[in-house]
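# Coordinate inspection notes
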Amino acid sequence: WRGAAAATPLIDPATAAWPAGWLAEGAGLLEGHVAPGTVRVALEGDAVVAEVLPAGWHTHALSPRLPGILRLPAPESFPRPTVSLRVAGGEWAAKLVVPQNAFLNEGNGGPVFLDPAAGPQWHAVGRVAAKNGVTRVLTEIATADFNPNFPPRTGLAQAGGVTLPAADSGRGKRSWFSITAALAHDGALEPREDPSALERLFGGPEPADAAGVWRAVAGWIGGALVRLAEGKPEPGDAETVAWLVAQRLVGLTAADLPDAAPLVTRYRELEATLPTPRTVTGMLEEATAPLDYPLNIRGDVDREGAPVPRGFLRILDAGRAVGGGAGSGRLALAERLAGGGDPLVARVWVNRVWHWVFGRGIVATPSDFGRLGAPPTHPELLDRLAVDFMLDGWSTKRLVRRLVGSRTFRQGGRPSPRALEIDPGNRLLHHHPTRRLDAESVRDAMLAVSGRLDPRPGGPPVRPRRTAEDPAKRLFSGPLDGEGRRSIYTEVSIMAPSAFLAAFNAPAPKIPTGQRDVTAVPAQSLLLLNDPFVIAMAGAWAERLAADGRSDPGARVDAMFRAAFGRAATADEIAAWTAALPPSGAGADPMADTAAWAALAQAVFNTKEFLHYR
C-alpha cells in the first residue's frame, strides 16, 4: 500500500494468530494457515501441484471440501475507522454483511460472492451511519457451507458488481477463500503490488548482452525454486514460484515427478472420503462483550429507546438480581431450568415423551402447563416420572425404556364395554389407543415395505419433489423417492413444504407445534390413489414380489400382510385379497404380472390398518 504510515497491519501472515475479537471457525480456516510457498496438491488431472500459496490463511490448503468462516468484530472496536482485507475466493465463497444480527440479509451490500478470476482483492470494512433502525453491522467471509444465503435467490447474487445466475444445489461445493493481509487505516487505501519478487532480478548489475539476460533470469528462477525446496524462502520467492506454476512454466505433472505420483494418488483417495460439511444454527456464548438491545418504541425500528438491561426471568427466581452479568443470560437461564432445583423442564419433557409413546400426554396440552391448559390426568405419576428422569441423569433413553416396559404400554388395543362406559375418551388408558401414523411414518412405511428405505443415519437433507421449481425462492425439486432417505431428512421450506407430508398433518414450519392435528379427509384418499410417490412405491414393491420365487398367490398375499401389517393374514383375508388381484393377460403368468401386484400393493397402502398404529 502507498504510504507505510497510512495503514497498520492487524495480522501477521507468518503466524497463525488472529486479533482479539476476531472469530475463525471451520476446519478449512482453522487448519488452513500456511507458510509462504506451500504447495497445494492438485486433486484431479495429470498435474501434481495445483498452485503455490502465499503466507496466510487458505481454507482449501488441505481440501476445498473443508468449510471456513471469519467473523469480524463490530467496527467500533477497530483501532482505526476502516479495516481492509486482502481476500481471494471462488465457488460461491462470499463476503457477508450482517446488519442487526440479520444473517439472512439480502440488502445493504450483502452477500457479495468472490470472483476467482479477479484474484486477490481488497475489501474495506468500516462503520456505517445509523439508518432504518440499523445501528450495528458485522462482516463475515465464508465458504458456501457457512453462508445461510446460499444458494442465493435469483437476481440477488453479485460478484465484482455483476449479477450472477441462480446457483444450483449448493451442497458439496468446493468453496474456498484466502486471506493474506488485514490493514487498519484512516482514509482511502491505495494498495500496490509488493516488488520484492523482482528485486533479485533487477537488483544486480545490468546484463551486457542477451546471454547475460538469460543468465540473470535463470538465476532468479532457479534460486527461488531451490530456496523454496529447501524450506528457506526469502521475500519474493513464493510469489515467483507461484507465478511460474500458474503460467505452467515448470514441469509439475506426474510424468515430471514420478516419485510424487503415488503420494498424490493416495492424497486424492483420502481427500475424496471427506464428508460434505454440515452446519447447525444455534446460540453460542462467546468471550465477547454482550449487548443490551435498545427498545424499539411501539415496534418502530427508527425510534430507539434506552437499552434494555439483560436480566433474568423474575417469575422463576424473584431473588436473582436483574441486569448485568458477563454473558447474554441464556446460559444462566439454561442452568436454572435444568439444574435440578425445579422439575419444571423435566415435567414438560416427560410429558412430551409420554405424548409420543401413547398418543396423548398426561397433560393433554403439551405446550401449555398453565391455567388455560388441560389438567394432568395423573399428576402424581407425572411428578414421579419427572423425579426419576432427573435421577437418571436426564436420560431420554431410560425414560422410554421405563414407559414401553410398563403394563400400560403392553396392554391390548381392544377396550372392554365397561371401560368404554366409564371412560369413553380413554383418558385413563384402560387400553392402548389406536392412532393414525404421523406423516413421516406413513411415507417411511411405504419406503420400507417397497424395499427402497435407506436406513443410514445422518447426512444432508433431500429436497422434496415439486411439480414446479421457483429459483427466486430457492424452491428446487428433488428425486421422487427422496433417495430412499427417511422423512426426517426431507428439506423443509416455509414457503413450500412437502405436499405429501402436509396432507397427513405435518405441522406448518412457521410456528412450534407441540401437538399435531389428526384429520381424515378425502384429500388423503385421493393422494394415496394418485400421488406419483405412492404409485412408484407400489411398483417397487411389486417388482420385489414378482421376484420372490413364490408360486402361490395366497402365500404372497400372506407375505404382504406380514410386511405391511406385522401379522399373518387370515384365511378369509387371503381369499378376499387373492380374488381382488387384477386379471393378467391371456397366457401371462399372474405371479410375474408386476402391474397386477402393484395395484394390490397400492390397495394395501390405502387400508386403515396400514395407516394406523394399534
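Residues numbered from 1 in each chain as written. Predicted model: local features only at pLDDT ≥ 70, side-chain atom pairs only at ≥ 80, totals over all residues. Heavy atoms only, no water.

Moving on to the packing of helix 7 (residues 344-358) against helix 8 (residues 379-391). A pair of packed helices can be characterised by two numbers: the angle between their axes and the separation between those axes. Where helix 7 meets helix 8, the axes come as close as 9 Å, and the angle between the chain directions of the two elements is 105°. Considered as vectors, helix 7 and helix 8 are oriented roughly perpendicular to each other. Mapping the contact onto sequence places A346, R347, W349, V350, N351 and W354 in helix 7 and L381, L382, D383, L385, A386, F389 and M390 in helix 8. Residues of the contact of helix 7 with helix 8, tallied by class, amount to 10 nonpolar, 1 polar and 2 charged. (Axes fitted to C-alpha atoms, helices over the stretch in contact; angles between N-to-C directions. Helix = DSSP H or I, 4+ residues; strand = E, 2+ residues; numbered from the N terminus. Parallel < 35°, antiparallel > 145°, perpendicular 65-115°, else oblique. Contact = heavy atoms within 4.5 Å. Nonpolar A, V, L, I, M, F, W, Y, C, P; charged D, E, K, R; others polar.)

As a further point, take the environment of S450. As for its placement among the helices and strands, S450 is situated in helix 12 (residues 439-450). Note on S450: relative accessible area 2%, which makes it buried. (Buried < 20%, exposed > 50% of the residue type's maximum accessible area, 1.4 Å probe, protein only.)

Let us now look at the nonpolar core. Here is a general trend for soluble globular proteins: nonpolar side chains tend to be buried in one another's company. Core analysis: the largest hydrophobic core is formed by 37 residues, its most contacted members being M446, F500, W541, W597, F605 and F610. Elements supplying a minimum of two residues to this core: helix 12, helix 13 (499-503), helix 14 (522-530), helix 15 (532-546), helix 16 (553-565), helix 18 (594-605) and helix 19 (608-611). When sequence neighbours within four positions are dropped, the list of residues in contact with F500 reads V442, R443, M446, L527, D531, F533 and V534. Judged by nonpolar contacts, the second largest core, of 20 residues, contains W57, F78, V83 and A182. (Core = buried A, V, L, I, M, F, W, Y, C linked by side-chain atoms within 4.5 Å.)

Another aspect to go through is empty space enclosed by the protein. Counted according to the given criterion, the structure contains 3 cavities of 30 Å³ or more. One number sums up the size of the largest cavity: a volume of about 60 Å³. In this structure, the largest cavity is lined by W354, R360, G361, I362, T377, H378, N426, R427 and L429. In this structure, the second largest cavity spans a volume of roughly 40 Å³. Lining the second largest cavity, in full, are L96, V97, V98, F103, N105, P111, N147, P148 and N149. (1 Å grid on protein atoms, 1.4 Å probe; cavity = no way out; pocket = protein on both sides within 12 Å on 5 of 7 lines; lining within 4 Å. Points joined across faces, edges and corners; volume = space filled by probe spheres on them.)

Let's shift gears to the pattern of salt bridges. Within the structure shown, the criterion is met by 22 salt bridges. D481 serves as the salt-bridge partner of R452, at 2.1 Å between the closest nitrogen and oxygen. In this pair, R452 sits in the loop between helix 12 and helix 13 while D481 sits in the loop between helix 12 and helix 13, placing the two residues 29 residues apart along the sequence. Taking relative accessible area as the criterion, D481 reaches 14% and is therefore assigned buried. Each of the salt bridges in this network shares a partner with another, and the network as a whole consists of E25, R71 and E140. (Salt bridge = Lys/Arg side-chain N within 4 Å of Asp/Glu carboxyl O.)

Okay, helix 12 next. Over its 12 residues, helix 12 runs 17 Å from end to end, which matches the ideal 16 Å to within 8%, given 1.5 Å per residue. On the buried face of helix 12, the contacting elements are helix 13, helix 14, helix 15, helix 16, helix 18 and helix 19. After helix 12 finishes, the residue G451 shows a positive phi value of roughly 85°. (Expected span 1.5 Å × (residues − 1).)

For the coordinates displayed, the defined rule picks out 15 aromatic pairs. Ring centres 6.3 Å apart and planes at 65° place the aromatic pair F113 and F150 in the edge-to-face group. Taken as a pair, F113 in strand 10 (residues 112-113) and F150 in the loop between strand 12 (137-142) and strand 13 (158-159) lie far apart in primary sequence, 37 residues in all. The same class applies to F113 as to F150, namely buried. Both rings, one in F561 and one in W577, keep their centres 5.8 Å apart while their planes meet at 85°; by these two values the pair is edge-to-face. In this pair, F561 sits in helix 16 while W577 sits in helix 17 (residues 571-579), placing the two residues 16 residues apart along the sequence. When its relative accessible area of 3% is taken as the criterion, F561 is described as buried. Under the relative-accessibility criterion, W577 is labelled buried at 17%. An aromatic cluster is defined as three or more aromatic residues linked by ring pairs; in this entry it consists of W18, W22 and W57. Over the face of the ring belonging to Y489 we find R485, whose NZ or CZ atom lies 4.4 Å from the ring centre. (Phe/Tyr/Trp six-rings, centres within 6.5 Å; stacked < 30°, edge-to-face > 60°. Lys NZ or Arg CZ within 6 Å of the ring centre and 35° of its normal.)

Bringing the pairing of strand 15 (residues 176-185) into the picture now. Burial runs high along strand 15: 10 of the 10 residues are buried. Examined bridge by bridge, strand 1 (residues 7-9) and strand 15 share 3 bridges and lie antiparallel to one another. Bridging across to strand 15, T8 finds its partner in A184. In this structure, strand 6 (residues 56-58) lies alongside strand 15, joined through 2 bridges in antiparallel fashion. (Pairing = 2+ DSSP bridges.)

All right, on to the environment of A571 then. Positionally, A571 belongs in helix 17. According to the relative accessible area criterion, A571 is exposed, its value standing at 61%. Here the alpha-carbon distance between A571 and D558, two residues 13 residues apart in the chain, equals 9.3 Å.

Looking at the protein as a whole, its pLDDT mean stands at 85, while 91% of the residues score no less than 70. Across the protein, the element-wise mean pLDDT spans from 64 in strand 14 (residues 162-163) up to 96 in helix 9 (residues 396-404). (pLDDT = per-residue confidence, 0-100.)

At their nearest, the axes of helix 14 and helix 15 sit 5 Å apart, and the two run at 50° to each other. Taken together, the axis directions place helix 14 and helix 15 in an arrangement best described as oblique. Each of L527, L528, L529 and N530 in helix 14 lies in contact with helix 15, whose residues at this interface are P532, V534 and I535. Of the residues assigned to the contact of helix 14 with helix 15, the class counts are 6 nonpolar, 1 polar and no charged.

Let us now look at the environment of D593. Among the structural elements, D593 can be located in the loop between helix 17 and helix 18. Under the relative-accessibility criterion, D593 is labelled buried at 18%. A C-alpha to C-alpha distance of 50 Å links D593 and V350, two positions 243 residues apart in sequence. Ignoring any residue separated from it by four or fewer positions in sequence, one finds D593 in contact with P583 and S584. Only 2.7 Å separates the side chain of D593 from the side chain of S584, close enough to count as a polar contact. (Polar contact = N/O pair within 3.5 Å; in protein donor to acceptor, adjacent residues only side chain to side chain.)

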